[in-house]
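Report on the structure
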Amino acid sequence: MAKGVKNIKRLSNSLQPDDYFNSGDIICINPDQEAKFIVGEWYNETTEEERRNTTWLWMDQKKRKTFNKITKPSGVPYGVTLTKKLCGIYAFYLEASLHGDRERNTWVYVFGKCENKITSSSWSKKENTADNSEINYGDKLFITLETEGLNGNTLTIELYGGKNDALLESEKANCIDGTIIATFKMKSVYKEFPGLPGPVEGFYIKVKLIGTKEKYIKDANGNDKILSFNIIKKDSIITIPVFQAPINTTPLKINDTPQEEELKEEGIITAYFAKEEFSLETSEIDGQHEYVFKNPNVNINKDKIAKIIKDQVDAKVKAEKKYARLEDIKNALTEDSYDKGRSVSFNLCKLGAKFIKINSAPLEEEVYVVAKTFLLDGKEVTITIQEKETYLVDENTAVPVLEAKEDGAELITLKATVENGLAKVKVKLRPKTDEDLKTWKEKLLKGKKEGTYDYTFKSEKTTIDDGNKKQFATIILNNAKEGKQGNTKIETGKTAFAEDVEKALVEGIYKSRDTISFDLYKTQAENLWLQAKCQGDTEKHEGEFLKKDGEYFVIGKKCECEAKIRAFLRVIRIAEGTGEYIKGTKQKRDAELGYTTWFSGAGNNFTLSDDHPRVINTNSTNTIRSSAAGAYQFMSWKYDNLNGYTLEFKDGYFRTKIPKEYIEKYDLAKKYNAKGFSQESQDKLCVAILKDDLNVINDLQKNDIRKAISKSCGTWVSLPGATAGQPTAKMQETLDYYNEFLKDELTGKSNLHIKQGFLKDFNIKCNCGNNESTLETNEFGLVQVTKLGNVNIINSGIEDSYSYIQKDGTSSSVGKHGDDWMLPEKAKAFSEAVDKLVQEYPKQKIYLGDCSAYNPSKNLGHSAKGAHSNGNAFDCRFLKSDGSGSNDINSLSDEEIKLNARFIAILKESGLFTTFYTANGKIPGSVHAADHADHLHGN
């Protein structure tokens, strides 16, 4: 069982975007700035007592010499600082130790990076002694160079001289601790001249990196001639007056010690899929911002007010890829008080791009494929995308993607040049041709074909014909999925589709106990990994990345939630006579006319404006009078109601209350930016009714279209099931229309005016199940929470403490962590809640304890029939401000109590977690339960 530190977390000062580093990782830091580290994760076997303290070891690269050894509480950072002299390819060894000695469990290499430079130079003619006296033939000249940014490099020291600046001699030397030492034998210098030297000859030294042609290192003044001197012939004695005064005044260290082992100088560290996020705060000025006080502020607290202003301004200018620096705002606040309407101005700075690792994305999404490298700037990296299982492409074939630019090519091999350690390519997750894309979508939608299902009829007589085949296929599929009519339930992890059932049905009569068979599909994720290659200066580098369970990148279906709502809007229009078909037919009509149609009209009845037309019309028989108008036949009183005006019921009818009474919180048109009666406003107002009045959005997202129709037919009385006395559409025709329109919307074909991406405007959460389609459930229908790809959820339990017991009673060898399982909808809601919390509190990690076992009947030490045995509950450590977690409720500060309360509130917002337990109900939102002083329980 593993004990000790699992990984190290970087808190500050790194040139790399990652926060967590595993053993063997290489970390680059800025010089002369403290880099702080803490324990990121512990191995689960580590006890709480053992986790209290960590011993940090700071050693040389070969792990022979210890520079610093200190034991600190685990929540207290350990800091290291590298001077520019110690920067270079030489990496120091840092280990976080459990017991205080070298355990080799968790260690990283740390190096610094800065401009290469020679800061000083000196010479001596004696070993280990400062001697600048005359030198004769046969003596040696010892050169010492102090450097920046070159520690660990091997360099060539070159001696030039003579009238022609000839290269006389060269020597290889290692830069150790920022110092280069080289030796030249002066007796051999003159052999390079065609004749005897003149009375005065000039000499100088140049330094370059091994493996480069003309890249010479310069001194602080920008010169590449590092050490210059003259040789004067005098009575056969050579004296050396040095133009640059010697700096050394103590005996020199001669390079006679064994060479340190060399760390690999270059390589590919990792490769991953990423999204571009402009959140890197640069110091580059980009304009000014004028902030106007909306309220009077007297005797202000500058720190507090500046923070408030920054939050407001940052939110406003983020879309422009800018931000405001807190110090600039504080400096702009030169007075103690500000009246309403007063303003202050300060600089804005640019936000730089970060490439944030992602674990999944839908088909057709634009993403970056990124390779993080070490000392390969300027080199070309090639990357191929590979499948875990043969699914979308043929075996041993890389997955093709589309170049993310107009009329981009289909790419099998991605190529990018390394800049600042990163090579990146922007692509679309799709093949080039629409036909291939369609094939991919079908495969992702259905899954992998795996077996068949035998369905048995129960009724004595079931007649199937061309007119009812589709309807019965839907009924049979529902019976199979739910285990009805004497049929077994389709096993967890598999599914079937109505079109396959329809193909299995033949026209004729089915009797009781007759059977049909149709295909089953295994619901599985499309898992991808990356292969990266690069030819460096010294060798070719290759690596396979993400190729591990829990790390694969997942392609999911594109979100269908918006398309489902759009398709339903079009269904309503067909029923109301304002859609693209004449109701009950496939006879086309101009859908655009619907927006200007009033009751009993035929289109172009009024001109679109900022208001409802407010005209009352009658039907052809003069039996019905109505002010209904537009694509969704809004009554004038309903339009007023959607704009925040109160209604009254008088003489059997609704009407706008007179005098008008406006209540802003009921103004849905304002809330959803749907003022006026334009085409887009009409579409938006319809969505507002579906969401806020009828509560049918969730039904649409769950594909329960019949329920959505049932809830809506009281508002649009032409829908099936309405009882207002008007002619209604037929249910099956309406469902057929819906399926047709949904296919259109999923391919981007639409005649609506509401803009793409409106879910966010209406605060409608995606609930299409696409995330669940990529969640691998076990045979008991549970999902392993720590395998969702959420890096902020960590299992703090004991590995293998609850073994994987299968249905047949045998133990499974699949993975570990037998206690971190939940129902899919619970797992998804929990992960989303953690994401939301981290947006507000970026340091937070959630350390899970017990949830449920792989087999939910396995007792986790709780009540065998309790929430921990059915996938509904979780335990976790209390949240701490530094993100470390705590098993002691009494150790929490007031702010940390609020932090934990916020997490509970977010979980409650999901509607799937309602009850929380802590000792004495100390955390707001929880109730008391014994034995809950060391963890938070939720279910």
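Preceding this paragraph is the structure being described.
Nothing here was measured: the structure is a model prediction, and the numbers come from that model.

Topic: the nonpolar core
Judged by nonpolar contacts, the single largest core of 55 residues is most densely connected at I565, F568, Y632, L690 and W716. Looking at this core, the elements that each hand over two or more residues are α6 (561-576), α7 (636-642), α8 (668-671), α9 (679-693), α10 (697-701), α11 (705-712), α12 (731-746) and α13 (758-761). Ranked by residue count, the leading element in this core is α6, at 10 residues. Not counting chain neighbours up to four residues away, the residues in contact with L690 comprise F568, L569, I572, N695, V696, I697, S712 and W716.

Observations regarding the packing of helix α15 (residues 824-840) against helix α16 (residues 894-909)
Interhelical geometry of α15 versus α16 gives an angle of 135° and a closest axis separation of 9 Å. For the element pair α15 / α16, the angle class is oblique. Judged by the sense of rotation from one axis to the other, the crossing of α15 with α16 is right-handed. Two secondary-structure elements touch here, α15 through F830, A833, V834, K836, L837 and E840 and α16 through L899, R902, F903, I906, L907 and E909. For the contact of α15 with α16, the class distribution of residues is 8 nonpolar, no polar and 4 charged.

Here's the deal with the environment of H612
By the element assignment, H612 lies in the loop between α6 and β36 (617-618). Measuring from C-alpha to C-alpha, the distance between H612 and S636 comes to 6.4 Å, with 24 residues separating the pair along the chain. Apart from residues lying up to four places away in sequence, H612 is in contact with S627, A629, F634, M635, S636, Y639 and F677. Separated by 3.4 Å, the side chain of H612 and the backbone oxygen of S627 make a polar contact. Within the structure, the side chain of H612 is placed 2.7 Å from the backbone oxygen of F634, a separation counted as a polar contact.

Considerations on the pairing of strand β10 (residues 117-124)
In terms of burial, β10 is largely enclosed, as 6 of its 8 residues are buried. Pairing between β10 and strand β11 (residues 140-148): 7 bridges, direction antiparallel. Each bridged residue has a counterpart across the sheet, and for K117 the counterpart in β11 is E148.

Some details on the sheet that holds strand β30 (residues 494-495)
The strand order across the open sheet formed by 3 strands is β28-β32-β30, and the pairing between neighbours is antiparallel. Each of the sheet's edge strands pairs with one partner strand only, and the pair in question is β28 (448-456) and β30. Pairing of β28 with strand β32 (residues 515-522) involves 7 bridges; the strand directions are antiparallel. In the sheet register, T456 faces β32, and the bridge partner there is T515.

With respect to the packing of aromatic side chains
What the rule picks out here adds up to 33 aromatic pairs. Between F355 and Y368 the ring centres are 4.9 Å apart and the planes differ by 70°, which places this aromatic pair in the edge-to-face class. Taken as a pair, F355 in strand β20 (residues 343-357) and Y368 in strand β22 (residues 366-374) lie far apart in primary sequence, 13 residues in all. Taken individually, F355 and Y368 each receive the classification buried, so the pair is uniform in this respect. With a centroid separation of 6.1 Å and an interplanar angle of 90°, the aromatic rings of F758 and F762 are classed as edge-to-face. Looking at F762, the relative accessible area reads 0%, which means it is buried. One aromatic cluster is present, formed by W598, F606, Y632, F634, Y639 and F677 through successive ring pairs. Sitting above the plane of the W107 ring, K63 keeps its charged end 5.9 Å from the centroid. Sitting over the ring of F913, K826 keeps its end group 4.2 Å from the ring centre.

Reading the values: rules and limits
Residues numbered from 1 in each chain as written. Predicted model: local features only at pLDDT ≥ 70, side-chain atom pairs only at ≥ 80, totals over all residues. Heavy atoms only, no water. Core = buried A, V, L, I, M, F, W, Y, C linked by side-chain atoms within 4.5 Å. Buried < 20%, exposed > 50% of the residue type's maximum accessible area, 1.4 Å probe, protein only. Helix = DSSP H or I, 4+ residues; strand = E, 2+ residues; numbered from the N terminus. Contact = heavy atoms within 4.5 Å. Axes fitted to C-alpha atoms, helices over the stretch in contact; angles between N-to-C directions. Parallel < 35°, antiparallel > 145°, perpendicular 65-115°, else oblique. Left-handed = near helix turned anticlockwise from the far one by under 90°. Nonpolar A, V, L, I, M, F, W, Y, C, P; charged D, E, K, R; others polar. Polar contact = N/O pair within 3.5 Å; in protein donor to acceptor, adjacent residues only side chain to side chain. Pairing = 2+ DSSP bridges. Phe/Tyr/Trp six-rings, centres within 6.5 Å; stacked < 30°, edge-to-face > 60°. Lys NZ or Arg CZ within 6 Å of the ring centre and 35° of its normal.

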